[in-house]
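Residues per chain are reported as follows:
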Amino acid sequence: MIKDDLDREIIRLLAKDSRQANTAIASTLGVSEGTVRARIAKLVKSKAIRRFTVETANDGFAAIILVKTDPSRHTEEIVRGFLRLDG
């Protein structure tokens, strides 16, 4: 549950960049790092913050796949096989 304006500001800052350090948030808001850490923990526990997400650039990748190949085959042969695949 969001308690007050400080909680709202913490959420606003995390929404902009969920990777920023608690110390950076604390400095921006003029409170201690411990205050920010405790507030975030309470927001997570109360489900006011449900998850921290990552947005990626749309660089054309639809998927990342792992491929196991026969080490006796030459790399050029494997690459030619990939190039024949649609997409």
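Worth saying up front: this structure is predicted, and the values here are computed from it rather than measured. (Residues numbered from 1 in each chain as written. Predicted model: local features only at pLDDT ≥ 70, side-chain atom pairs only at ≥ 80, totals over all residues. Heavy atoms only, no water.)

**Q** Describe the packing of helix H2 (residues 22-29) against helix H3 (residues 33-45), naming the residues involved and giving the relevant values.
**A** Contact geometry of H2 with H3 gives a least axis separation of 8 Å together with a crossing angle of 110°. When the axes of H2 and H3 are compared, the pair comes out roughly perpendicular. In this structure, the crossing between H2 and H3 has a hand that is right-handed. Taken together, the residues of H3 that come into contact with H2 (itself represented by Asn 22, Thr 23, Ile 25 and Ala 26) are Glu 33, Val 36, Arg 37 and Ile 40. The class makeup of the residues in the contact of H2 with H3 is 4 nonpolar, 2 polar and 2 charged. (Axes fitted to C-alpha atoms, helices over the stretch in contact; angles between N-to-C directions. Helix = DSSP H or I, 4+ residues; strand = E, 2+ residues; numbered from the N terminus. Parallel < 35°, antiparallel > 145°, perpendicular 65-115°, else oblique. Left-handed = near helix turned anticlockwise from the far one by under 90°. Contact = heavy atoms within 4.5 Å. Nonpolar A, V, L, I, M, F, W, Y, C, P; charged D, E, K, R; others polar.)

Take it as geometry only, folks, not as evidence of what the structure does.
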